[in-house]
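Commentary on secondary and tertiary structure
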Amino acid sequence: PDTIRAIQRELQGRGYGPLSVDGVPGLATRAAIMAFETDEGLPLTAIANEALLKVILLGPAEGAGKQSVEPSARAQDVIRATQNWLRALGYQPGPSNGTLSEETRAAIRAFETSAGLTPRGRISADIVKRLADSVPLKAATR
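Notes on the structure follow.

Definitions and limits used
- Residues numbered from 1 in each chain as written.
- Predicted model: local features only at pLDDT ≥ 70, side-chain atom pairs only at ≥ 80, totals over all residues.
- Heavy atoms only, no water.
- Core = buried A, V, L, I, M, F, W, Y, C linked by side-chain atoms within 4.5 Å.
- Buried < 20%, exposed > 50% of the residue type's maximum accessible area, 1.4 Å probe, protein only.
- Helix = DSSP H or I, 4+ residues; strand = E, 2+ residues; numbered from the N terminus.
- Contact = heavy atoms within 4.5 Å.
- Salt bridge = Lys/Arg side-chain N within 4 Å of Asp/Glu carboxyl O.
- Arc of directions from axis to C-beta.

Met 34 and Ile 123 are the most contacted members of the largest nonpolar core, which has 19 residues in total. Secondary structure elements with two or more residues in this core: α2 (27–39), α4 (73–88), α5 (102–114) and α6 (125–134). With six residues, α4 is the largest single contributor of residues to this core. When neighbours within four sequence positions are excluded, Ile 123 is seen to be in contact with Ala 31, Met 34, Ala 35, Val 78, Ile 79, Thr 82, Leu 100, Ile 108 and Val 128.

And the structure:
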């Protein structure tokens, strides 16, 4: 929990919030981690651990660029929930398969634009919270 709180505090301080600094790696925390990983060109893991905290504090290791790896199962869960929420709101994110496809990115950008946000096309804590407030979680898991 201390490591998770430190990650939440650091990500929130870097503008990846809104996050509760509570030591619980909930959906918003995992989405904030994914936004950070996207911005740093890292594989999507959505995992809060000491290795991530080190990268947040010290930066990625030299030569650590985007690897062509599948998102982790945890990241796929966040992507799938986002896809389901977007679909429930009438956006077209493609299949709910946990893959951050161009269709999903386009649907996220459309949602961001309609919400008055800068369209970035990436999953973030802010997007997840706004989607969760718009659609009940039960609808996102169908």
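There is more to say, and it comes next.
Moving on, we come to the pattern of salt bridges. Inspection of the entire model under this criterion finds six salt bridges. Across the salt bridge formed by Glu 10 and Arg 14, the nearest N and O atoms sit 2.4 Å from each other. Using a relative accessible area of 23% as the deciding quantity, one classes Glu 10 as partly exposed. Classification of Arg 14 by relative accessible area gives partly exposed; the value is 40%. One salt bridge in this structure joins Arg 122 and Asp 39, with 3.0 Å as the shortest N-O distance. In this pair, Arg 122 sits in the loop between α5 and α6 while Asp 39 sits in helix α2, placing the two residues 83 residues apart along the sequence. Arg 122 gets classed as buried once you look at its relative accessible area, which sits at 7%. Judged by its relative accessible area of 41%, Asp 39 is partly exposed.

For the rest of this paragraph, the subject is α6. By the burial criterion, the buried members of α6 are Ala 125, Ile 127, Val 128 and Leu 131. Down the axis, α6 shows its buried residues gathered within 165° of arc, on one side only. Looking at the packing, one finds that the buried side of α6 touches α2, α4 and α5.

With that settled, consider the environment of Glu 10. Among the structural elements, Glu 10 can be located in helix α1 (residues 2–13). Separated by 81 residues in sequence, Glu 10 and Tyr 91 have C-alpha atoms that sit 32 Å apart.

Looking at where Ser 72 falls in the secondary structure, it is placed in the loop between α3 (50–58) and α4. For Ser 72, the contacting residues outside a window of four places in its chain are Leu 44, Thr 45, Ala 46 and Ile 47.

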